[in-house]
Protein chains: 2
Amino acid sequence: MEIQNILIAGKLANAMKEQINADAYRQEFRFKPAPEVTVDDLQWADAYVSFEPTANFDFYNLKWVHSFGAGVNPYVYNREWKQDVLLTRTVCSFGSRISQYCLSYYLKDMQEHDYFRAHQNEKKWQPKEPQLINGQKVMVYGTGEIGQEVAKIFSTIGMDVVGVSLSGKQKDYFRDVYAVSTETEELHDADLVINTLPLTDSTEQLFGEEFFTRLTHAVFINVGRGSSIVDDALLRALDDGRIRLAVLDVFREEPLPKGNRLWNHENVLITPHISAVTTVEEAAECFLDTLNTIENNGVLHNKVDVTRGY
Amino acid sequence: MEIQNILIAGKLANAMKEQINADAYRQEFRFKPAPEVTVDDLQWADAYVSFEPTANFDFYNLKWVHSFGAGVNPYVYNREWKQDVLLTRTVCSFGSRISQYCLSYYLKDMQEHDYFRAHQNEKKWQPKEPQLINGQKVMVYGTGEIGQEVAKIFSTIGMDVVGVSLSGKQKDYFRDVYAVSTETEELHDADLVINTLPLTDSTEQLFGEEFFTRLTHAVFINVGRGSSIVDDALLRALDDGRIRLAVLDVFREEPLPKGNRLWNHENVLITPHISAVTTVEEAAECFLDTLNTIENNGVLHNKVDVTRGY
């Protein structure tokens, strides 16, 4: 495919202008924050590069859309897609980032960081035994690039790693992979549940009352999408201890509204959607790699199947 | 070697009495807290099992001493050892325990746990980019069973792992292993330094002024022995930022005295010697495995070279 006019839009536009040496490319570039994007820009472009469509977005002459995020729901969830337009996404280091995020919080809990910090504050020498994670069971929802990287790290350290995906297809680093809703027997003794799933019709509100009642003592980490969770059901599971600790990086509404009960629940840790940050350097590198692959008709590893939504 | 009379002494004595089904063994057992151990007990025993010698300890008829700890300095450091007495130590899960301890604190720092917790307390949504540990450099002092397990986990996650040992012998999972004091060129860009070394004449005060001045920004974790550190030099390195954060589990004097400045230094995290806890179950299992190996003249993986001291 040949690309000539590239519109880089939204909050990374100015940073990308610094990062990309546009003169080195035969393509034309326009770099514009979202409010400055005109219909003329959109009609001019055959490639659109951003986290999300602008308010005035339409396909016009576009051949290719590239998402700066790993999640492409802003482009395809509850929206029409023009079927002959290629959609790609930023993957890069997301697997490492998300697995280090998850590991950091699970180890913090197992190693009793809060207990020891509180005792240090009072200069109290009070030994307590940290828990080894070896042999514990983690359920990983999503077995794509990100889920597999999570599985790789946790299995290397010695956890029993079970996967859950829409298809149930077996993948490396998982002891077993179940199709969604066939995994229920595995949940009662799960020590850790990690959601890495994208937001689609099949994953909206996937984690609701029925799911949470099967857990008995798990830590729950959400690095997928907030809308996959039924918040009230999560809060009930927290209140009655079926979830011992929830570590949440994504929410139905972001920023999380001040009034939301999750903010000050004693067993909830909140981070502001940072588990898979796209650094400007990585975003630029991934975009330019993808452009290069497209120009050379190479194999794209980050192409989105629009009908599946990821 | 044939063992007949086993004296299990010290703080694990009563727990071991519960744990070990003495009737199942052809040996005789005595289980005694340290203050109750008499000269008669010591003269009766051909095996002595404890964290440390009692105050009235002597070798008498002992053939074998087994340490409940991984560090055997209470038995051999600045003490005479009777050369034909076998000394073994508890290893078991120490490699996993210490590597999970180290990983938990380094990831806590890289993932900015404190920053996000403080913002959650104020219901503030303030993104900040966690740092990926991939490509960062960790120096691991000690390349024995524990150091190798640390190297394995950190290299799997993608760090550049350099080892330092007394011999400098190459080992798996290390990019390079240096002999002590030949590694100095590697220190200036080290991101993390982990000490796992036992206490011996060669490691006493190994980490002093000269060592610390070579660092520029490292996190320093001590899970070896407190007496390997010159405390004043460590405090100066903390004060001028050559050490960004020190995570200390072991100290020259334990419990750490209330008056020690380390307790409330803002860049020091203190834990009360728990990174390699011996659980009663593991200690019993390791001791009984060792007994079994000795009785069958098998190969001992946990035999201490008393002249080296580890």
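Let us look at the structure shown here. (Residues numbered from 1 in each chain as written. Chains lettered and ligands numbered in written order. Predicted model: local features only at pLDDT ≥ 70, side-chain atom pairs only at ≥ 80, totals over all residues. Heavy atoms only, no water.)

## Side note on the overall build of chain A
Helix and strand content of chain A: 10 helices and 12 strands. Computed over its C-alpha atoms, the radius of gyration of chain A comes to 21 Å, within 12% of the 19 Å expected for a compact globule of 310 residues. If one aligns the C-alpha atoms of chain A with their principal axes, the spans along those axes are about 65 × 45 × 35 Å. Out of the 310 residues in chain A, the part that is buried amounts to 57%. Contacts in chain A between residues at least 24 apart in sequence constitute 58% of all its contacts with a sequence separation of at least 6. For chain A, the exposed surface amounts to about 13,200 Å²; the carbon and sulfur share of it is 44%. Charge separation in chain A, taken as the distance between the mean sites of 30 positive and 45 negative side-chain charges, equals 2 Å. (Helix = DSSP H or I, 4+ residues; strand = E, 2+ residues; numbered from the N terminus. Rg over C-alpha atoms; globule rule 2.2 N^0.38 Å. Buried < 20%, exposed > 50% of the residue type's maximum accessible area, 1.4 Å probe, protein only. Contact = heavy atoms within 4.5 Å. Areas by Shrake-Rupley, 256 points an atom, 1.4 Å probe, with all protein chains shown as cover. Lys, Arg positive; Asp, Glu negative; His and termini not counted. Charge placed at Lys NZ, Arg CZ, Asp CG, Glu CD.)

## As for the nonpolar core
Among the nonpolar cores identified, the biggest contains 68 residues, and Phe 154 of chain A together with Phe 154 of chain B are the most heavily contacted of them. Once residues within four sequence positions are removed from consideration, Phe 154 of chain B is found in contact with Cys 102, Leu 103, Tyr 106, Val 138, Met 159, Val 161, Leu 192 and Ile 194 of chain B. (Core = buried A, V, L, I, M, F, W, Y, C linked by side-chain atoms within 4.5 Å.)

## Thoughts on helix 5 (residues 113–121) of chain B
Residues of helix 5 of chain B that are buried: His 113, Phe 116, His 119 and Gln 120 of chain B. Considered in projection along helix 5 of chain B, the buried side chains sweep an arc of 135° and stay on one side of the axis. Residues of helix 5 of chain B that are exposed and point more than 90 degrees away from the buried face comprise Asp 114 and Asn 121 of chain B. Where helix 5 of chain B is buried, its residues meet helix 4 (94–110) and strand 12 (268–270) of chain A together with helix 4 (94–110) of chain B. Once helix 5 of chain B finishes, Lys 123 of chain B follows within two positions and takes phi at roughly 55°, a positive value. (Arc of directions from axis to C-beta.)

## Observations regarding the pattern of salt bridges
Residues and elements named next belong to chain B. Under the defined criterion, the tally for this structure stands at 40 salt bridges over all chains. Taking the shortest distance from any N to any O, the salt bridge between Asp 189 and Lys 137 comes out at 2.6 Å. Remark: Lys 137 occurs in strand 6 (residues 137–141) and Asp 189 occurs in the loop between strand 8 (176–179) and strand 9 (192–195); sequence separation between them is 52 residues. On the basis of relative accessibility, which here comes to 7%, the residue Lys 137 falls in the buried class. With its nearest N and O atoms 3.0 Å apart, the salt bridge here joins Arg 261 to Asp 239. One end of the pair, Arg 261, is in the loop between strand 11 (243–248) and strand 12 (268–270); the other, Asp 239, is in helix 8 (residues 231–239), with 22 residues separating them in the sequence. (Salt bridge = Lys/Arg side-chain N within 4 Å of Asp/Glu carboxyl O.)

## Let's talk about the relation of the copies chain A and chain B
Once chain A has been moved 0.0 Å along the axis and rotated by 180°, it coincides with chain B to within an RMSD of 0.1 Å. In the structure described here, the two chain copies are related by an operation that fits a two-fold rotation axis. Nearest to the rotation axis, the C-alpha of Ser 104 of chain A is located 2.9 Å from it, this being the minimum over chain A. Interface residue correspondence from chain A to chain B reaches 100%, placing this contact among same-surface, isologous pairings. (Least-squares fit on C-alpha atoms with pLDDT ≥ 70 in both.)

## Observations concerning the interface of chain A and chain B
At the junction of the two partners, chain A supplies 50 residues and chain B supplies 50 residues. For the chain A and chain B pair, buried surface summed over both sides reaches about 4,400 Å², with 65% attributable to carbon and sulfur atoms. It is Lys 123, Trp 125 and Trp 263 of chain A in chain A that bury the most area against chain B; as a group they hold 19% of the surface buried on that side. Here chain A is connected to chain B by 0 salt bridges. (Buried area = accessible area lost by both parts, 1.4 Å probe.)

## Here we look at the packing of aromatic side chains
Residue and element names in this part refer to chain A. A complete count under the given rule lists 38 aromatic pairs over all chains for this structure. Put simply, the rings of Tyr 48, Phe 57, Phe 59, Tyr 75 and Trp 81 pair up and form one aromatic cluster. A cation over an aromatic ring shows up here: Lys 11 above the ring of Phe 51, its NZ or CZ 4.9 Å from the ring centre. (Phe/Tyr/Trp six-rings, centres within 6.5 Å; stacked < 30°, edge-to-face > 60°. Lys NZ or Arg CZ within 6 Å of the ring centre and 35° of its normal.)

## What to know about the side chain of Ser 228 of chain A
Residues and elements named next belong to chain A. Within the secondary structure, Ser 228 is located in the loop between strand 10 (218–222) and helix 9 (231–239). Residue Ser 228 is classed as buried on the basis of its relative accessible area of 0%. Separated by 3.0 Å, the side chain of Ser 228 and the backbone oxygen of Thr 203 make a polar contact. When near neighbours in sequence (up to four residues on either side) are disregarded, Ser 228 contacts Asn 195, Pro 198, Leu 199, Thr 203, Glu 204, Gln 205, Leu 206 and Phe 207. (Polar contact = N/O pair within 3.5 Å; in protein donor to acceptor, adjacent residues only side chain to side chain.)

## Some thoughts on the pairing of strand 4 (residues 64–67) of chain B
Residue and element names in this part refer to chain B. By the alternation rule, side chains of strand 4 split into Trp 64 and His 66 and Val 65 and Ser 67, which are all buried. In the sheet, strand 3 (residues 47–50) pairs with strand 4 via 4 bridges, with the strands oriented parallel. If you follow Ser 50 over to strand 4, its bridge partner there is Ser 67. Here 4 bridges tie strand 4 to strand 5 (residues 86–89), and the two strands are oriented parallel to one another. Bridged to Ser 67 within strand 5 is Arg 89. (Pairing = 2+ DSSP bridges.)

## Points about unusual backbone geometry
All names here are of chain A. Between Glu 254 and the following residue, Pro 255, the backbone shows a cis peptide bond with an omega angle of -5°. Tracing the chain through its elements places Pro 255 in the loop between strand 11 (243–248) and strand 12. You will see that His 273, though not glycine, has its phi angle at about 50°, which is positive. Secondary-structure assignment places His 273 in the loop between strand 12 and helix 10 (280–295).

## So, the environment of Val 85 of chain B
Residues and elements named next belong to chain B. Tracing the sequence through the fold places Val 85 in the loop between helix 3 (73–76) and strand 5. Judged by its relative accessible area of 4%, Val 85 is buried. Sequence separation between Val 85 and Asn 61 is 24 residues, and the spatial gap between their C-alpha atoms is 9.4 Å. Each residue touching Val 85, except ones within four places of it in the same chain, is listed here: Phe 59, Leu 62, Lys 63, Trp 64 and Val 65.

## Looking at the sheet that holds strand 1 (residues 5–9) of chain B
Residue and element names in this part refer to chain B. Read from one edge to the other, the open sheet built from 5 strands follows the order 2-1-3-4-5, with strand pairing classed as parallel. Looking at which strands have only one partner, the edges of the open sheet turn out to be strand 2 (28–32) and strand 5. Neighbouring strand axes in the sheet, compared pairwise and without regard to direction, differ in orientation by 15° on average. (Axes fitted to C-alpha atoms, helices over the stretch in contact; angles between N-to-C directions.)

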